[in-house]
Amino acid sequence: MGGRINWLARVPLAGLVLGCFAGLFCAEQGIAWWGLLILLPGALAAWRLRSVGFGLALVGWVGMWGVHGARLEALRALETTVRPGRLVELRVVVRELHERGGFHPEAVVEVREGAGSGGLLGLRGLTEEVQPGDCLRIVGEARGAGRVRNPGELDRGAWLRRSGVAGEVRVKEMEVLDERSVLMWPRRWAWELRGTVRE
């Protein structure tokens, strides 16, 4: 090797990490999927050089670009559907529950149908029987996060967006559907255990 430092041997996942950051950057900038043509020369070079690290970087780049890009797309679509003052009807599944009357929304739900499917919303005005994993049909009014009035005050709307939540809905009508999300059973069990411990 004669003085050449093989940095990939010292940091084996560096390529994957750098590729993931590149994928996040591309998704945040809104670069279209046809931009993947940029990766074609890199993929050919990785195959030709038999570079595992370079190949991992490409996998991380494409993977994070796809996953994060799809999440941002759902968030943008949901933001156009759920505008403050608009009455919405949605079918959702409860992902998280929080204390009532706090800073957080009472529940964070995932939209299951229509525009913004897969996006997250905050709900207020739920009944006590709702648990994580419940599928709901809700009708409610979309609410704005409110303006920042004081210097240094937390911008709640920006905070919700950074958390991946497109907006908030005040529930007016709610129906708990018979089906439940099987993937949410650990959260449901933890919520029930929390209620038992408090009693």
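Our structure is the block above this text.
None of the values given here were measured: they were computed from a predicted structure.

Thresholds, definitions, all that
- Residues numbered from 1 in each chain as written.
- Predicted model: local features only at pLDDT ≥ 70, side-chain atom pairs only at ≥ 80, totals over all residues.
- Heavy atoms only, no water.
- Helix = DSSP H or I, 4+ residues; strand = E, 2+ residues; numbered from the N terminus.
- Polar contact = N/O pair within 3.5 Å; in protein donor to acceptor, adjacent residues only side chain to side chain.
- Contact = heavy atoms within 4.5 Å.
- Phe/Tyr/Trp six-rings, centres within 6.5 Å; stacked < 30°, edge-to-face > 60°.
- Buried < 20%, exposed > 50% of the residue type's maximum accessible area, 1.4 Å probe, protein only.
- Pairing = 2+ DSSP bridges.
- Axes fitted to C-alpha atoms, helices over the stretch in contact; angles between N-to-C directions.

On to the side chain of His-68, then. Assignment of secondary structure puts His-68 in helix H4 (residues 52–81). Among the polar contacts made by the side chain of His-68, one reaches the side chain of Glu-28 at a distance of 2.7 Å. If we skip the residues at most four places from it in the chain, His-68 touches Leu-24, Ala-27 and Glu-28.

On to the packing of aromatic side chains, then. The final tally for this structure, using the stated rule, is 1 aromatic pair. For the pair Trp-61 and Trp-65, a centre-to-centre distance of 6.3 Å together with 15° between the ring planes defines the contact as stacked. Of this pair, Trp-61 and Trp-65 are both found in helix H4, 4 residues apart, which corresponds to roughly one turn of the helix. Owing to a relative accessible area of 3%, Trp-65 belongs among the buried residues under this scheme.

This part covers the sheet that holds strand E3 (residues 120–124). The 5 strands are arranged E1-E2-E3-E5-E4 in a closed barrel whose pairing can be described as mixed. Direction aside, neighbouring strands of the sheet carry axes that sit 55° apart on average. Two elements, strand E1 (residues 87–97) and strand E4 (residues 134–143), share 7 bridges in a ladder whose sense is antiparallel. Note on E4: the bridge partner recorded for Val-92 is Leu-136.

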